[in-house]
Every structure is written in structure tokens, then in C-alpha cells.
Amino acid sequence: MTSTTRLTVAQALVRFLSAQYTERDGARHRLIGATWGIFGHGNVAGIGQALVEYGDVMPYRQGRNEQAMVHAAVGYARQSGRLSTHAVTTSIGPGATNLVTGAALATINHLPVLLLPGDVFAARPADPVLQQLEVPYAGDVSVNDCLRPVSRYFDRITRPEALIPSALQAMRVLTDPVETGAVTLALPQDVQAEAYDWPDEFFAERTWVVRRPGADPTELAEAVTAIRGARRPLLVAGGGVHHSRAEAALAEFAAVTRIPVASTQAGKGSLRFDHPQDVGGVGHTGTATADELARTADLVIGVGTRYTDFTTASGTLFAHPDVRFLNLNIAPYDGHKLAGMPLIADARSGLMELTAALDMHAYRVAASYIAEYTEDKERWEQRVDACYEADEPDVRPTQPQVLGVLDALVDESDVIINAAGSLPGDLHKLWRARSRDQYHLEYGYSCMGYEIPAAIGVKLAAPERRVWALVGDGTYLMMPTEIVTAVQEGVAIKVLLVQNHGYASIGGLSEETGAERFGTAYRHRAADGTFTGAPLPVDLAANAASLGMRVLRAKTVSDLREALAEARDADTPTCVYVETQTADTVSGPPPAQAWWDVPVAETATRPSAVKARELYERHVSTRRRHLRRSNRS
């Protein structure tokens, strides 16, 4: 007879989660490292009580905003190589819907996070209850259904015994390198507190093996043939390189073949910036070196990339008339993009197999090609030096000079986190990544407000590292709440808060597209109704200090050097606040080296919009759909 234990659904779920593990390459990790939660009537007596009951096996983290809790879990998951993550519990209503943005970010970036929103009564003893959405045409819909399209797996647990298969499916998706993303188990508040006789086998430790599938022999042979036939191959490293921990395999591939390696935002740092084959970021925010190589490449080898519009310059970057694509990706969906030749495999396994095969044929690109991109890279590095250089140390810095001061200070142990605004473009072009996980850019969703909570998650996953959240004033105002969490938990993140009085990135884009920076400045409304008055008297440094963070103000380049050095050594949460001198421009780095499609008004009377449309039509005319199938030569 099967032995059982009588527990509530919430208690059973917490016990089950505490016994789940992942394993890859012989290393074992706890899958759910902790549970974040904000409690309300939809989860306080269920999951909340269970976390009290089983606090010895499931650590609890207190958050201030439900979206931010998801961001913290995502930061933790990325730093943990997707082998460990956190759960997030919320009440019903706004607590649950606040998860949607974070869930979308997790799913788009293929990062695992478990969401446990409370839900309305399954038994409907009172209808409607507080915060319930009434849908006249469907009695089984709640606000939690908003999470369906942004979740890789969704289930509503309306009976206790339904938890068993659902929980197992949830773990399967969280640990699947192809399917992973946000997983949602919606938990009606009455079901959470309902007791059931659970089979004890449900609580036994389970280890979920994270696969490293190798390449199909036929696809591998075709890939080798394609590479050997290419004269100007370029490898584009995406986030899949990091997820697979394939950085060493990529470095070996590059050393053997001498093929230059460009990187997406998610893939930057796949090679150290000083690796001979690293040519920097590619696409709209890329380097001149990488983008020129992309324009002339006859074979593009995508490794773990989704080929977003920033990478392809909205279909205008890969301009060689005979260009073909070879896509090494663990996900078939991405492997077939751009009519590419698919090589469906784990990034590390696939790269190792490619390297061995090409080495056997003694394949290497031509010496003239190596000399070409090496010289171009040296010229670009000189441009980076010029952007970083601060000849006048007693004046306010530009945003690139802020990055330059930080660049001179950090080493491979520091982690730099950013997601939105003008900083991602500057970082992708200019930052010199020193380790595989130093550069942490969330650019799949580019979500304002990600940086501070994500920094907490990264620091929890790697407490020995120095973790920097690089935040503009627009992003800071979106979500500074988790500063309180960092202070409460003693998580010694460093926040570099850059004040440029508005949405600097969108302001620049607005000007380029004929919208004349409308609604992008943080200024008083002028007499003509526009926001062109004096800057708002908002003191963000004082705000951060009021939330409990130690704040260091820097007015000049010299001040900034001292403040960043002091913050780097701090063992408490510390913010460095600096106002840049380029408040009326995007940032002052080299301009975009490739186009990005943001449609411009087709009809307009204002000269700026008419001119922008003319330029837009010239760019659109160069767009190309890559439809010719990349088959074996």
C-alpha cells in the first residue's frame, strides 16, 4: 500500500519544489533556490502559511513589487546558467497581473522562472470576490489568463490531485533548454488551503538532466562543407553561447579557424574583448568592424541567436548577394530562420564537433581576411579610447566617459547589468567584456526597471561578485522599489545612476523620425504647452538615500573616479549618482553603424518629418528577405 502524507495543496507544493534538482555535466543544482512573495488575501493563508511551515527547506525573499520579483528571479536564473531559479508568489488581482511584464521578459529571453499567482475561488462560494474579473461569456476566466501567452506552460489547479501532473510538467518545462521560460501555476485561494492525502513518492528528490544534444551527422557534414567553401565567414554569437556555457568551445573554434566572431547583446562576452577573433557587437548598436564584416560575409554562422531586428539591422545588414546562413541552435524554430542551414544541437556540443571536423581538414580563413579584420578592430578600439578619454577631469562627464571611468576600474569579477535607454547602445559598441558573464544586458524585452532587481538576483546567485546596476533616470523612476529589498537583505549591489533629464534614447530616436523629441524630456511645461521649460527639480540621489541606500554624488570626472572606487569596495548597497553633460543628445558615442526600422509618418507637413521619411524610404529600399535555401554546395 502506498504511504501518504496529509498536507494542504500549498504545503505539498512547497515540499515538492524543495526536492527538485538539475544536473548538467555531472554538477547538481537545486532547481528552486528560494521563493519571492508579496502576500494578500489570495495567497497569505495558502502559500504564505506553507512557507512558514516549511521555512527550513524553502527560503523566502520579501519583495516590494511583483514585476520586480520576477526580474530578480530572472537575474538569478541567468547568473546560474538556467540551472537554478526562484519562484514568485502573489495574491490575486493586481498582484497577479503585475507578473505579466516579468513573465514576458523571462519567456522572450528563454530564462526559467516559476510563477505562483493566487486565483479566485475554484468552488465559487461567493461570486464575485474582491478583485475578481467578471467575464460574461466565460465563467472559468480570471485575470491570471493574461499570463497564458507569456508563459511557456500554464495551468490552473482547481483540484488538489491535479497538482501532481501539473507540477511535474512545470519542472519539465523549466529544465528544458528549448522550452524554458516563465511557467505559471495559477492557484485558487481555496484550493491552496485544501488538504489531500499525497503519495510520499511525490516528495522524493528528483533530478532533471539538462540535455546537451549533439548534431545530426548529415547536418554536421553539410555545415562543415559550407564553412570550408566560404571565403568570408562571420560567426554571430548569441545568448545561447552563454546558456550552454560554450564560451571555451567558441574560443577554441575561433582559434582553430580564425573566423571572426561578432556578438549580439545577449551574446557579448562570449569571447573576451581582447581575443584576436572578437570583433565586437553586431547590428544596429554594433561596431563598425563587425557590421562591415556582416555586410560582406558570404556565410553567417549564427550560434544560439534569434536574429532579432537589432542584429539584422531590420533585414539590411547581410548584404552579400550570395550570403548564406548556418544556424547552430538547440531550438529548431531558431535553427531554420533566414532560410538557414540548420545545425540543431547544444551550442557547446555543436561547436566542439565543428572544431574537430574543421581541424581535421586543416581549415583556416585566408591570411588577408585575418589582417583585414584585425586592422579594422584596432581602428575601432582607438575610437573607443577617444570616447572614454576625459581631458578635462573637473567638468561633468559625458555618458561614454562615465563608462570609460567604470571600464578602467573593474576586472573580470565585476558584473555589469543594464536593459533599456541609451546605455545599451553605448555598452554594446564600447564596453570591453572581460569574462563570460560580466556583460549582463537584458535586450530581448529591453524592460525599463529590470536593472536593480536583476542585480539583486545576480548578487544572490554569486555573492562573491561585484554587481553593478547601470540605470538612467527614466529607468530608475520606473522601479526603484527593490532598493528597499537590497537594504533589508544586506545585498551589496552597486547602482550607477545616470541623470540626463529624460528619455534620452527615445528622444534621439524621436528626433531622427520627425517627432522632434516630443514628450521625451523631464522638464516643466512651457507657455507654448511643450515640455521645454527648466529641468524638473527632482533629486533622485535623495530619493535613493530615502530608501536606505548609501549615496555618493559625483559632479565631475574626478569625483566620479573616486566615487566609483569607493562604491566598488563597499560591503553595503551603494549608489553613485552622476549628471551627464549631454542632456540634449543621446549619448555622444559613435553613431549607429547600421539601420533600425522605426516607421516614419508617410504624410506630414512638418519639414523634420518630411526629411525623415525621405531617409526612411532610402533605407527601406535596401531591405532584403533571405529566402534562398542554404543547402549543401
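Before reading on, note that the structure itself is shown above.
Note that the coordinates shown come from a computational prediction; the quantities given were computed from them, not determined experimentally.

Asks: What's the story with the packing of aromatic side chains in this structure? I'm lost.
Replies: Any two aromatic rings considered together are summarised by their centre-to-centre distance and by the angle between their planes. Counted by the stated rule, this structure contains 12 aromatic pairs. Between the aromatic rings of Tyr 196 and Trp 198, the centroid separation amounts to 4.9 Å while the plane-to-plane angle is 75°, which identifies the pairing as edge-to-face. Taken together, a centroid distance of 5.7 Å and an interplanar angle of 85° make the contact between Tyr 369 and Tyr 373 edge-to-face. Remark: Tyr 373 and Tyr 369 occur in helix H15 (residues 367-388); sequence separation between them is 4 residues, near one turn of the helix. For Tyr 373, a relative accessible area of 0% gives the class buried. Site record: aromatic cluster; members linked through ring pairs are Phe 16, Tyr 196, Trp 198, Phe 202 and Phe 203. The ring of Trp 431 has Arg 434 lying over it, and the distance from NZ or CZ to the ring centre is 6.0 Å. For Arg 553, the ring lying beneath its charged end belongs to Tyr 577, and the centroid distance is 5.8 Å.

Asks: Help me out: how do you make sense of the pattern of salt bridges in this one?
Replies: On inspection of all chains with the given rule, the structure shows 32 salt bridges. In this structure, Arg 432 engages Glu 381 in a salt bridge whose closest nitrogen and oxygen atoms are separated by 2.9 Å. Linking Arg 432 in the loop between helix H17 (423-430) and strand S19 (439-441) with Glu 381 in helix H15, this pair joins segments that are 51 residues apart in sequence. By relative accessible area, Glu 381 is classed as partly exposed at 21%. A salt bridge links Glu 516 to Arg 606; the nearest nitrogen and oxygen atoms lie 2.7 Å apart. One end of the pair, Glu 516, is in the loop between helix H21 (504-512) and helix H22 (540-546); the other, Arg 606, is in the loop between strand S23 (574-579) and helix H24 (607-620), and 90 residues separate them in sequence. Through salt bridges with shared partners, a single network forms among Asp 25, Arg 212, Asp 346 and Arg 348.

Asks: Before we go on, may I ask you to explain unusual backbone geometry in this structure?
Replies: Glycine aside, residues mostly have negative phi, and peptide bonds are mostly found in the trans state. A cis amide bond links Asp 127 to the next residue, Pro 128, at an omega of 10°. Phi angles above zero are rare outside glycine, and Ala 313 is one such case at about 55°. Its place among the elements puts Ala 313 in the loop between helix H12 (309-312) and strand S16 (324-329). A residue is classified by how much of its surface remains accessible, and Ala 313, at 0% relative accessible area, is buried.

Asks: What exactly am I supposed to notice about empty space enclosed by the protein here?
Replies: Empty space among the atoms can be located by rolling a probe the size of a water molecule over them. Inspection of the entire model under this criterion finds 3 cavities of 30 Å³ or more. A volume near 160 Å³ is recorded for the largest cavity. Along the walls of the largest cavity sit 21 residues, with Lys 268, Asp 278, Gly 280, Glu 381 and Trp 431 positioned nearest its centre. Broken down by secondary-structure element, the contributors of at least two residues to the lining of the largest cavity are strand S14 (278-281), H15 and H17. Of the residues assigned to the lining of the largest cavity, the class counts are 8 nonpolar, 7 polar and 6 charged.

Asks: Could you clarify how one ought to interpret a nonpolar patch on the surface in this entry?
Replies: Among the surface-exposed residues, Phe 39, Val 44 and Tyr 60 lie close enough to one another that they form a single nonpolar patch of about 240 Å² accessible area. In this fold, Val 44 is placed in helix H2 (residues 44-53). Classification of Val 44 as partly exposed rests on a relative accessible area of 44%.

Cut-offs and rules
- Here, residues in each chain are numbered from 1, in the same order as that chain's written sequence.
- The model is predicted, so local features are restricted to residues of pLDDT at least 70 and side-chain atom pairs to those at 80 or more, both for listing and for counting; the totals for chains, interfaces and linings are taken over all residues.
- Excluded from the side-chain calculation are hydrogens and water; included are all heavy atoms of the structure.
- By convention, a stacked pair of Phe, Tyr or Trp rings (six-membered ring in the case of Trp) has centres within 6.5 Å and planes under 30 degrees apart, an edge-to-face pair has planes over 60 apart, and any other such pair is tilted.
- In this text, helices come from DSSP runs of H or I with a minimum length of four residues, and strands from runs of E with a minimum of two, each type numbered from the N-terminal end.
- Burial here depends on accessible area, computed with a 1.4 Å probe over protein chains only, as a share of the maximum for the residue type. Under 20% is buried, over 50% is exposed, and the range in between is partly exposed.
- Whether a charge lies above a ring is judged from NZ of Lys or CZ of Arg, which has to be within 6 Å of the ring centre and within 35 degrees of the ring normal.
- In what follows, salt bridge is the name for a side-chain nitrogen of Lys or Arg lying within 4 Å of a carboxyl oxygen of Asp or Glu.
- Both site types are read off a 1 Å grid over the protein atoms alone. A 1.4 Å probe that fits but cannot get out defines a cavity, while an open set with protein on both sides within 12 Å along at least five of seven lines defines a pocket; lining residues have an atom within 4 Å of a point.
- Grid points are joined across faces, edges and corners, and a volume is the space filled by probe spheres set on the points.
- Residues are grouped as follows: nonpolar covers Ala, Val, Leu, Ile, Met, Phe, Trp, Tyr, Cys and Pro; charged covers Asp, Glu, Lys and Arg; every other residue, Gly included, is treated as polar.
- Patches here: salt-bridge-free residues with over 30% relative accessible area, like charges joined within 9 Å, nonpolar side chains (Val, Leu, Ile, Met, Phe, Trp, Tyr) joined within 5 Å.
- For the area figures, the Shrake-Rupley method with a 1.4 Å probe applies, and any residue is considered shielded solely by the protein chains shown.

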